[in-house]
Amino acid sequence: MKITQKRKVNRYMSFFRNNFGFRVPYQVLIDGTLCLAALEGQVRVSEQLIKYFQCELKLLTTQCVILEMEKLGSSVNGALSICKQFAVHKCGHEKKPVSASKCLESMITNNNPNRYIIATQDPSLREVARTIPGTPILYLHIRSPTLEKPSQLSSELAGFNIQTSIQSQGCTMERLRQIKKQELGTDIKEKPFKRRKPKGPNPLSCKKKKKKANFREPLENVGPSSSQPQRTKRRRRAKIAEHIRQELAARLNVSKV
Ligand SMILES: [Zn+2]
């Protein structure tokens, strides 16, 4: 799978996870049309879908889908055997079966509360699924599984939910402020917005100061005539031992007397 395709799947599914509560393992409802396309394209559905979503999946079909395919006769036997590989999910039509498209449609009514991914090649069923917010739609494009971009209705509802949650947060803040005012007699003051001013030029963008050139003067200039003050030589005093100093002082005293 291409990286762009992988990113697209992740982006679309994170949209459904964040806005419509989808969780792994995702439940994929598969109908007969997809099984037929898989047979024609020699696609191993379960293997390809797990590879496509890169997570655990629950591949499901319904009794109505299987019954409809059985009615079509031997021409769809291969597709039927693919369909029978998947778990049969209860659809509520056990006593009175309906057409496969009606069955899957009924499974996603009321904003797809059980969070199914609809896997079908049927354009009319896909059209219906687009009108139900929070319904991911999957189909086989030539031989590769393809997830449709979230429908406009899904995007609109997600945007609306975000907006209402922001508004409700605003309401709770207002309520908090009222309670605090009642209880403590103080009001929650919002910090005034301060614009950060630049403190000075960015040191990284400034040129470094040039150091003064420190050339050595030529040797002929060095001497008493040169402007630089000459270094004076320190004279070291010879240290005289204490007993010698006393002896000398005694002798001096004797000569004076
Ligand atoms: Zn059904």
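Quick caveat, the model's predicted, so the values are computed rather than measured.

For the zinc ion, the full set of protein donor atoms is C64 (SG), C91 (SG), H93 (ND1) and C103 (SG), and the range of their distances to it is 2.1 to 2.3 Å. Taken together, the 4 donor atoms coordinating the zinc ion and their angles of 102 to 113 degrees define a geometry best described as tetrahedral.

Scanning the entire structure with this criterion turns up 7 salt bridges. Here K84 ties to E70 by a salt bridge, and the two come within 3.4 Å at their closest N and O atoms. With a gap of 14 residues between them, K84 in the loop between α5 (77-83) and β3 (87-89) and E70 in helix α4 (residues 63-71) connect regions that are remote in the sequence. The salt bridge partner of R251 is E247, with a shortest N-O separation of 3.6 Å. Pair noted here: R251 and E247 are both in helix α9 (residues 242-256), with a separation of 4 residues, about one helical turn. In the salt-bridge network here, residues are joined through shared partners; they are R126, E127, R130 and E148.

Within helix α6 (residues 100-107), the full set of buried residues consists of A100, C103, L104 and M107. On an axial view of α6, the arc spanned by its buried residues comes to 90 degrees, and they lie on one face. On its buried face, α6 is in contact with β1 (26-30), β2 (57-62), α4, β3, β4 (116-119) and α7 (123-130).

Take the pairing of β4 next. With burial as the criterion, each face of β4 is covered, one bearing Y116 and I118 and the other bearing I117 and A119. Direction of pairing for β1 relative to β4: parallel, over a ladder of 4 bridges. Directly across from I30, in β4, lies its bridge partner A119. Bridging between β4 and strand β5 (residues 137-141) involves 2 bridges; their strand directions are parallel. Bridge pairing in β5 links A119 to L138. Note on the crossover from β4 through α7 to β5: the handedness is right-handed.

So, how was this worked out
- Residues numbered from 1 in each chain as written.
- Predicted model: local features only at pLDDT ≥ 70, side-chain atom pairs only at ≥ 80, totals over all residues.
- Heavy atoms only, no water.
- Donors = N, O, S within 2.8 Å, 3.2 Å for Na, K, Ca; no water.
- Tetrahedral: all angles 85-135°; square planar, octahedral: opposite > 155°, others 65-115°.
- Salt bridge = Lys/Arg side-chain N within 4 Å of Asp/Glu carboxyl O.
- Helix = DSSP H or I, 4+ residues; strand = E, 2+ residues; numbered from the N terminus.
- Buried < 20%, exposed > 50% of the residue type's maximum accessible area, 1.4 Å probe, protein only.
- Arc of directions from axis to C-beta.
- Contact = heavy atoms within 4.5 Å.
- Pairing = 2+ DSSP bridges.
- Right-handed = clockwise from strand over helix to strand, strands pointing away.

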